[in-house]
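Listed below are the residues making up each chain.
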Amino acid sequence: KIFQAVVSCIGGDGTIYIIPKSFETALNKLMAEIQNTFKGLGLLIPYCWKKGEACVVRGSDTVWYRAKIVEVSGSTLQVQYIDRGYIESIPQCHLYPTTFYTGIPPFCIPCQLYKTLPIGNFWQQEAVEYLQELLKNEEVEIHVKELPDNPWGKLSISLYFGGMSLSSFMAYQRYCVAEDCQDIQKLGVFEGDLSPSYLLQPLPVPGETFPVTVTHLVSPKEVYICLDSSENLTKRSATERSASCDSESLSKALKWCNKIVKTLPHLTNFKKELPCLAEYVDGLWYRAKLLSITQLVPVQILVQFVDYGTYLVAPTSRLRHIPCHLLKYPVQAVRVLLAGFRPASDDKNVERIPYSPEWSLKALWTMVDCVEGKRLSASILTVSPEVTISLYGDDKNLVHLKLIEMGLAELDQ
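Reading guide: rules and limits
- Residues numbered from 1 in each chain as written.
- Predicted model: local features only at pLDDT ≥ 70, side-chain atom pairs only at ≥ 80, totals over all residues.
- Heavy atoms only, no water.
- UniProt positions renumbered as here; feature names shortened; annotations may be inferred.
- Pairing = 2+ DSSP bridges.
- Helix = DSSP H or I, 4+ residues; strand = E, 2+ residues; numbered from the N terminus.
- Axes fitted to C-alpha atoms, helices over the stretch in contact; angles between N-to-C directions.
- Contact = heavy atoms within 4.5 Å.
- Core = buried A, V, L, I, M, F, W, Y, C linked by side-chain atoms within 4.5 Å.
- Buried < 20%, exposed > 50% of the residue type's maximum accessible area, 1.4 Å probe, protein only.
- 1 Å grid on protein atoms, 1.4 Å probe; cavity = no way out; pocket = protein on both sides within 12 Å on 5 of 7 lines; lining within 4 Å.
- Points joined across faces, edges and corners; volume = space filled by probe spheres on them.
- Nonpolar A, V, L, I, M, F, W, Y, C, P; charged D, E, K, R; others polar.
- Phe/Tyr/Trp six-rings, centres within 6.5 Å; stacked < 30°, edge-to-face > 60°.
- Lys NZ or Arg CZ within 6 Å of the ring centre and 35° of its normal.

Per an unreviewed UniProt entry, the chain goes by RING finger protein 17 and derives from Urocynchramus pylzowi. Its UniProt record gives the chain the following Function (unreviewed entry) comment, quoted word for word: "Seems to be involved in regulation of transcriptional activity of MYC. In vitro, inhibits DNA-binding activity of Mad-MAX heterodimers. Can recruit Mad transcriptional repressors (MXD1, MXD3, MXD4 and MXI1) to the cytoplasm. May be involved in spermiogenesis." Listed under Subunit (unreviewed entry) in UniProt, the entry text for the chain is "Interacts with MXD1, MXD3, MXD4, MXI1 and PIWIL1. Self-associates."

(A) Summary view of the sheet that holds strand β15 (residues 222-227). Sheet architecture is closed into a barrel: five strands sit in the order β14-β15-β21-β26-β25, paired in mixed fashion. When strand polarity is set aside, the average angle formed by the axes of neighbouring strands in this sheet is 60 degrees. Strand direction decides the pairing type here: strand β14 (residues 209-217) and strand β25 (residues 376-382), joined by four bridges, are antiparallel. Bridge pairing in β25 places T209 opposite S379. Against the sheet, helix α6 (residues 361-371) makes contact with β14, β21 (334-338), β25 and β26 (388-392), and its axis sits at roughly 135 degrees relative to β14, the strand it touches most.

(B) Broad picture of the nonpolar core. Counting residues in hydrophobic clusters, the biggest one holds 31 residues, and the most contacted among them are I16, L134, L135, L159, F161, L166 and M170. Of the residues forming this core, the biggest block, six residues, is contributed by helix α2 (residues 125-135). If we skip the residues at most four places from it in the chain, I16 touches V7, C9, I10, I109, P110, C111, L113, L159 and L166. Listed in part, the 29 residues of the second largest apolar core include F210, V223, I389 and V399.

(C) Local environment of the pairing of strand β10 (residues 139-146). The pairing of strand β1 (residues 2-10) with β10 spans five bridges and is classified as antiparallel. When the sheet's bridge partners are listed, V6 is paired in β10 with E139.

(D) Inspection of the UniProt feature "domain: Tudor" (unreviewed entry) in the chain at higher detail. On the UniProt side, "domain: Tudor" (unreviewed entry) is annotated at positions that read residues 48-105 and 269-329 here. In the segment residues 48-105, helix accounts for 0% and strand for 50%; the C-alpha atoms at its two ends are 25 Å apart. In this annotation, residues 269-329 is assigned 0% helix and 48% strand; the end-to-end C-alpha distance for the span is 22 Å.

(E) A look at the layout of surface pockets. The computed volume of the largest pocket comes to approximately 690 Å³. Forming the boundary of the largest pocket are 29 residues, of which K68, I82, P106, C108 and W152 lie nearest the centre. Counted by class, the lining of the largest pocket contains 20 nonpolar, six polar and three charged residues. Of the voids in this model, the second largest pocket is the one considered here, and its volume is about 470 Å³.

(F) Structural context of the packing of aromatic side chains. Following the criterion strictly, the structure yields 17 aromatic pairs and no others. Taken together, a centroid distance of 5.7 Å and an interplanar angle of 85 degrees make the contact between Y286 and Y308 edge-to-face. On the criterion of sequence distance, the pair formed by Y286 in strand β17 (residues 285-295) and Y308 in the loop between β18 (300-305) and β19 (311-315) is long-range, its members being 22 residues apart. Y308 gets classed as partly exposed once you look at its relative accessible area, which sits at 36%. Members of the aromatic cluster, joined through ring pairs, are F38, W64, Y96, F100 and Y101. Between K136 and the ring centre of Y86, over which it is positioned, the NZ or CZ distance is 5.8 Å. Of note, K255 hangs over the ring of W256, and the distance from its end group to the ring centre comes to 5.4 Å.

Below is the structure:
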């Protein structure tokens, strides 16, 4: 069985506690009921606690949770939150014995990685801390491999985060040996000798109007667009729905890659068009491709972020190998030419775009104002030799009409 779950806790012995997404509604309902039943402080009179006894615990967040006594030691008790998995030492005044809710099974499931042997036969403290940092409160995909021999035992699973196998990833980090590790080659997280390439975004059929956002402008005439995923799904074509799903899955995969990016090797091959991960000015890593070496000492590389169209000159320290599973998502940004207008022959503005001097900088900034943050729509006119579109503003008028009104462009029939 395969299902989505949230990792609630990593035990000190490496046990992975998960809450299936399908359990969330029932768990939230139970938690609300517990809060209504128990109010105020815990039990303030002396009480003889026993190991294994059911109770409710008032956590540091002042919320009551189901728990059981793990160890009794003077005035402090060690308890396990049975719906979260974690163990904590709690003063007796924050507990209350109860037989309520004992008929409801725990909502979190203890798990172990299938056919995965930790180095030294137990998970080292460093590995446990790494798992906690990587997985706690994150949504993951669970593949059930073996059921436990008894109902309270650990479920044997394969766990996938952002398309990567946790067993394979931890084996690469030398925290364990994974017997079933064939997917580390398939994922290709650490391979750099291949010459992979990105998939192109499938486009709607010519003549069909579809929502877009402009992610980058090269000139008023040349822009990069993304199919807009914010519109109502039912109103969109199959191509747009597919693009939306790809965009959401890619965002999740990139979020995971940012968590593990320091484990990915730096680029040593600077072949043109080579896919890679590049660090943007916001400190996050995105999919990119190499365009050219702009400086040799120190080495500076011109890259393009393929999901936005933007460019950056970066040192090699800000470039890393891209996990191969990130190549299965089509590039989100599409380079297009806008139809219906050309530079004004009598534009007297002296400041020109250096790489496209037929256009004034004023024309570029005016076009930026027309498209930035706006709900736009487009219709494809031609796909060859270059993708050419008509681009409409949120008022349903062609965006370039503003430039024509201001004398910065003229109609091109």
